[in-house]
Amino acid sequence: MDMSNFDSESLSPQPEDAATVDLQNPVDQLAAVTSERDQFAAAHADLQNLLLRRQADFDNYRKRMERERSEYIEYAGMEALRPLLTVLDDFERALKVETQDKEYAKGMELIYQRTLDAVKKMGLEPIDPTGKPFDPHVHHAVEMVTTDEVDDNTVLEAYQKGYNFKGRLMRPAMVKVGVRG
């Protein structure tokens, strides 16, 4: 809206050319008042539109901040669990080693299982890719082997387990993939 036609002290619109308007004539007076009313109505509509846009912008901002805050709270445990993944990997490697002391092996298995159960309750989910089709969004291929025993792009072996945290990929599984030759 052009505010140049308004007088700064009275905030009322001033006519374009005061010499051409005869305020003694009722028709000219009506035209001047109608023009002033239309300018105020246009200014009101512009301000109302601006207010509605600002309210909508603020509402969108508030909703986005709430969503980001809830996601942050929900996935804050992800970074706390990340260092435990190497501990779980070490447990799995230790359990594969044969030992003469069966009680020791049983204790290691028990500690591993309790640790795994605890992190599962927090939202950690292991990814078991063996025998499934290769998915680059979930798997990291470190070796590809030509074979006719399985379908093309099938995971043959997992070198390192992958994990999801509450449905979000935390670490991809490192796998060997079989391809048809």
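See the structure shown above.
What counts, and at which threshold
Residues numbered from 1 in each chain as written. Predicted model: local features only at pLDDT ≥ 70, side-chain atom pairs only at ≥ 80, totals over all residues. Heavy atoms only, no water. Phe/Tyr/Trp six-rings, centres within 6.5 Å; stacked < 30°, edge-to-face > 60°. Helix = DSSP H or I, 4+ residues; strand = E, 2+ residues; numbered from the N terminus. Buried < 20%, exposed > 50% of the residue type's maximum accessible area, 1.4 Å probe, protein only. Salt bridge = Lys/Arg side-chain N within 4 Å of Asp/Glu carboxyl O. Pairing = 2+ DSSP bridges. Axes fitted to C-alpha atoms, helices over the stretch in contact; angles between N-to-C directions.

Re the packing of aromatic side chains
- Inspection of the entire model under this criterion finds two aromatic pairs.
- With a centroid separation of 6.2 Å and an interplanar angle of 65°, the aromatic rings of Tyr75 and Phe165 are classed as edge-to-face. One end of the pair, Tyr75, is in helix α1 (residues 26-96); the other, Phe165, is in strand β4 (residues 162-165), with 90 residues separating them in the sequence. Each member of the pair, Tyr75 as well as Phe165, carries the same accessibility label: buried.
- Plain terms: the ring middles of Phe91 and Tyr112 are 6.0 Å apart, the flat faces sit at 50° to each other, and that makes the pair tilted. Here the residue Phe91 occupies a position in helix α1, and Tyr112 occupies one in helix α2 (residues 102-122), the gap between them amounting to 21 residues.

What to know about the pattern of salt bridges
- Within the structure shown, the criterion is met by eleven salt bridges.
- Residue Asp151 is joined to Arg180 by a salt bridge in which the shortest nitrogen-to-oxygen separation is 3.9 Å. Of this pair, Asp151 sits in the loop between β2 (139-146) and β3 (154-160) while Arg180 sits in the segment after β6 (173-179), and the two are 29 residues apart along the sequence.
- By relative accessible area, which is 44% here, Arg180 ends up partly exposed.

Describing the sheet that holds β3
- With mixed pairing, the three strands of this open sheet are ordered in space as β2-β6-β3. Only two strands of the sheet have a single neighbouring strand rather than two, namely β2 and β3. Recorded for the sheet is a direction-independent mean angle of 30° between the axes of neighbouring strands.
- Taken together, the seven bridges between β2 and β6 define a ladder with parallel strand orientation. Across the sheet, the residue bridging to Thr146 is Val179, located in β6.

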